[in-house]
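Listed below, chain by chain, are the residues.
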Amino acid sequence: INMSGLNKVLLIGFLGRDPDIKFLSDGSQIANFSLATTEKRKGKDDITEWHNVVAFGRLAEICGEYLQKGYLVYIEGKIHTQNWEDKEGNKRQRVQVLAQRMQILRGGQKDMNGHSGEDHEDSPDEQVPFY
C-alpha cells in the first residue's frame, strides 16, 4: 500500500467562548472558537487541552448561529499550522483544527428547540482556504 499520509482529528469537548465570526472578501464566513478537551485521570489531576478550531463557509455560518460558550460538541477535521510574521518581524506559529464536520452533543436553549444532535458537514467541493 502506497500511503502518502493521513491528517484527521476527532474531538469532543466544550466551547471555551462563543464563536468569533468574520467575513472574508468574497462574503463567505469564517468562525474561530476554542474547544477544551479534558482527560480524566484516576488519582491524578485532570489534563485539559485547548484547541483552536476554525470553520469556513456554511459550516462557519452554522457554528455562528447555533454554538455558544459551554456547548459540548463533536468536531471532525484536520490539523493545520499557520505561520506568519508579526508587526515586529518575529516569526509566529499557531496550530489550528480546520473543522469539516460539527455535531452539537449538548447545549443550551437553542438546541432544545429541535436542533440537538444535528450533524453538519462542509461540502466536499467547497475549497477551504487556510486562515
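All figures in this text were calculated on a predicted structure; none of them were measured in a lab. (Residues numbered from 1 in each chain as written. Predicted model: local features only at pLDDT ≥ 70, side-chain atom pairs only at ≥ 80, totals over all residues. Heavy atoms only, no water.)

J.: Would you mind showing me how to read the overall build of the chain here?
T.: Counting its regular elements, the chain contains 2 helices and 7 strands. From first element to last, N terminus to C terminus, the chain shows the α and β order β-β-β-β-α-β-β-α-β. Sorting the 131 residues of the chain into buried and exposed places 34% on the buried side. Of all intrachain contacts in the chain linking residues separated by at least 6 positions in sequence, the fraction that spans at least 24 positions is 55%. When the accessible surface of the chain is split by element, carbon and sulfur atoms take 47% of a total near 8,600 Å². (Helix = DSSP H or I, 4+ residues; strand = E, 2+ residues; numbered from the N terminus. Buried < 20%, exposed > 50% of the residue type's maximum accessible area, 1.4 Å probe, protein only. Contact = heavy atoms within 4.5 Å. Areas by Shrake-Rupley, 256 points an atom, 1.4 Å probe, with all protein chains shown as cover.)

J.: Honestly, the pairing of strand β1 (residues 9-15) in this entry has me stumped. Any pointers?
T.: Here β1 runs beside strand β5 (residues 72-85); their pairing, made up of 6 bridges, is antiparallel. Its bridge partner lying in β5, L11 is registered against I75. (Pairing = 2+ DSSP bridges.)

J.: What is the right way to read the pattern of salt bridges from this model?
T.: Oppositely charged side chains can pair when the atoms bearing their charge come close. Scanning the model with the defined rule gives 6 salt bridges in all. Here E85 ties to K91 by a salt bridge, and the two come within 3.9 Å at their closest N and O atoms. The same class applies to E85 as to K91, namely exposed. Taken together, the shared-partner salt bridges in this structure form one network comprising K8, E76 and R101. (Salt bridge = Lys/Arg side-chain N within 4 Å of Asp/Glu carboxyl O.)

J.: What's the story with the nonpolar core in this structure? I'm lost.
T.: Generally speaking, a soluble globular protein has its nonpolar side chains buried in company with each other. Within the largest apolar cluster, 21 residues are counted, with the highest numbers of intra-cluster contacts made by C63, L67, V73, I75 and M102. Counting residues per element, the ones that place at least two in this core are β1, β3 (29-39), β4 (47-56), α1 (57-66), β5 and β6 (91-106). If sequence neighbours within four positions are ignored, V73 has contacts with L11, I12, G13, L15, L35, L67, M102, Q103, I104 and L105. (Core = buried A, V, L, I, M, F, W, Y, C linked by side-chain atoms within 4.5 Å.)

J.: What is the right way to look at the environment of I12 in this model?
T.: Along the chain, the position of I12 falls in strand β1. Along the backbone, I12 and T38 are 26 residues apart, and their C-alpha atoms lie at a distance of 9.2 Å. Not counting the four nearest positions on each side in its chain, I12 is found in contact with A36, T37, L72, V73, Y74 and L105.

J.: Is there a simple way to think about the confidence of the model for the chain in this case?
T.: Caution applies to low-pLDDT regions: their predicted coordinates should not be interpreted in detail. Residues at a pLDDT of 70 or more form 80% of the chain, whose mean pLDDT is 84. Per-residue pLDDT stays below 50 along residues 109-118; that stretch engages in 19 contacts with residues further than four places along the chain or on separate chains. Of the regions scoring below 50 in pLDDT, residues 123-131 engages in 14 contacts with residues more than four places distant in sequence or in other chains. (pLDDT = per-residue confidence, 0-100.)

J.: Explain the pairing of β6 here, please?
T.: Within a regular beta strand, the side chains point alternately toward one face of the sheet and then the other, so they alternate between its two faces. For β4 and β6, the ladder comprises 3 bridges, and the chain directions are parallel. Counted as the bridge partner of V54 is L98 from β6. Here 14 bridges tie β5 to β6, and the two strands are oriented antiparallel to one another. Each bridged residue has a counterpart across the sheet, and for N83 the counterpart in β6 is Q93. Linking β5 back to β6 in an antiparallel pair, the connection comprises 5 residues, with G89 at a positive phi of about 85 degrees.

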